[in-house]
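Fold and geometry: a report
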Amino acid sequence: SDGLGPLWGMPRGFQPPGFTFLAERVHPDDRGHMMGNVARARATGEGYTSTYRVRHAAGHWVWFTTVGRVVGEGRGADALLMGVVRDVTREQELLREREDARDYLAAVIQSSADGVVTWDRALRITGWSRAMEEHTRKPAAEVVGRVATEVFPSLLTNARGPAHHATLRGETVH
């Protein structure tokens, strides 16, 4: 396709000379996974999806997701692959930023002298500080993933107002 060249920092219309050209530019940490997916597709004729980093001509790494399949009857090294390549660099950056923010928040919670509990919209406990472990004598492993009202039944009996009760039952409040 004409659009592949700019993805790699090459001119529009650039055609890679072969699969080896791409494989040599895949990040070493991603190469085995990507090559394994392609090899399985070539051997079985099944489709594949891979997300991996490729060295851009300017020197930085870009993330691609490739969805492909074998075209025709060839198998093994003779198999012809066809697929779609999408630049997912921004999505990968956002995922990394989200993970960093989550790690930072977890570190802040763990460093607090106060007992801190966090939960998601379904009221499943997602965080349990060391201070909370000391206060309740319950390790995080025992409570994380459980519904908050199972761990703290008094949340239901001490709830104030119908919206609070509905929320604690896991209902959506409008």
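A few points on the structure. Computed from a prediction, not measured in an experiment: that's the story for all the values here. (Residues numbered from 1 in each chain as written. Predicted model: local features only at pLDDT ≥ 70, side-chain atom pairs only at ≥ 80, totals over all residues. Heavy atoms only, no water.)

The final tally for this structure, using the stated rule, is 8 salt bridges. Put simply, R25 and E24 hold a salt bridge, and the shortest N to O gap is 3.8 Å. Classification of R25 as partly exposed rests on a relative accessible area of 28%. By relative accessible area, E24 is classed as exposed at 54%. (Salt bridge = Lys/Arg side-chain N within 4 Å of Asp/Glu carboxyl O. Buried < 20%, exposed > 50% of the residue type's maximum accessible area, 1.4 Å probe, protein only.)

So, about the sheet that holds strand β1 (residues 48-55). Strands sit in the order β1-β2-β3 across an open sheet of 3 strands; the sheet is antiparallel. Here the strands that pair on one side only, and so sit at the sheet edges, are β1 and β3 (80-87). Across this sheet, the average inter-strand angle for adjacent strands is 30°, counted without regard to direction. As defined by bridge partners, β1 adjoins strand β2 (residues 61-71) across 8 bridges and the pair is classed as antiparallel. Across the sheet, residue R53 finds its bridge partner in β2, namely W63. Along the sheet face, helix α3 (residues 28-44) touches β1, β2 and β3 and points at about 145° away from the line of β1. (Pairing = 2+ DSSP bridges. Helix = DSSP H or I, 4+ residues; strand = E, 2+ residues; numbered from the N terminus. Axes fitted to C-alpha atoms, helices over the stretch in contact; angles between N-to-C directions. Contact = heavy atoms within 4.5 Å.)

A few words now on the nonpolar core. Membership of the largest hydrophobic core comes to 15 residues, with the highest contact counts inside it found for W8, L22, V26, M34, Y52, V54 and F64. Secondary structure elements with two or more residues in this core: α1 (4-8), α2 (19-25), α3, β1 and β2. Apart from the residues lying within four places of it in its own chain, the contact partners of F64 are L7, W8, S50, T51, Y52, V54, V85, R86, D87 and V88. Formed by 7 residues, the second largest nonpolar core is a distinct cluster that contains I125, A140, V143 and V151. (Core = buried A, V, L, I, M, F, W, Y, C linked by side-chain atoms within 4.5 Å.)

A surface patch of nonpolar side chains, about 330 Å² in accessible area, is lined by Y104, L105 and V108. Examined against the element boundaries, L105 turns out to sit in helix α4 (residues 89-111). Residue class for L105 comes out partly exposed when judged on its relative accessible area of 49%. (Patch = residues over 30% accessible without salt bridge, like charges linked within 9 Å, V, L, I, M, F, W, Y side chains within 5 Å. Areas by Shrake-Rupley, 256 points an atom, 1.4 Å probe, with all protein chains shown as cover.)

A word on unusual backbone geometry. Its identity is not glycine, yet L123 carries a phi of approximately 65°, on the positive side. Considering the arrangement of structural elements, one finds L123 in the loop between β4 (117-119) and β5 (125-128). The backbone of R137 shows a phi angle near 60°, a positive value even though the residue is not glycine. For R137, the position within the fold is in the loop between α5 (130-136) and α6 (140-143).

Our next topic: the side chain of N37. Of note, N37 is situated in helix α3. A residue is classified by how much of its surface remains accessible, and N37, at 10% relative accessible area, is buried. Here R40 takes part through its side chain, which lies 2.6 Å from a polar atom of the side chain of N37. With sequence-adjacent residues up to four places away left out, N37 is seen in contact with Y48, T49 and S50. (Polar contact = N/O pair within 3.5 Å; in protein donor to acceptor, adjacent residues only side chain to side chain.)

In this fold, V116 is placed in the loop between α4 and β4. Classification of V116 by relative accessible area gives partly exposed; the value is 23%. It is 6.0 Å that separates the C-alpha atoms of V116 and W128, two residues lying 12 residues apart in sequence. For V116, the residues in contact, after removing those within four places along its chain, are I109, G127, W128, S129 and M132.

This part is about the pairing of β5. With 3 bridges joining them, β4 and β5 adopt antiparallel strand pairing. Looking at the pairing, V117 lines up with W128 of β5. Here β4 folds back onto β5 in antiparallel fashion, the turn holding 5 residues, of which L123 has a positive phi close to 65°.

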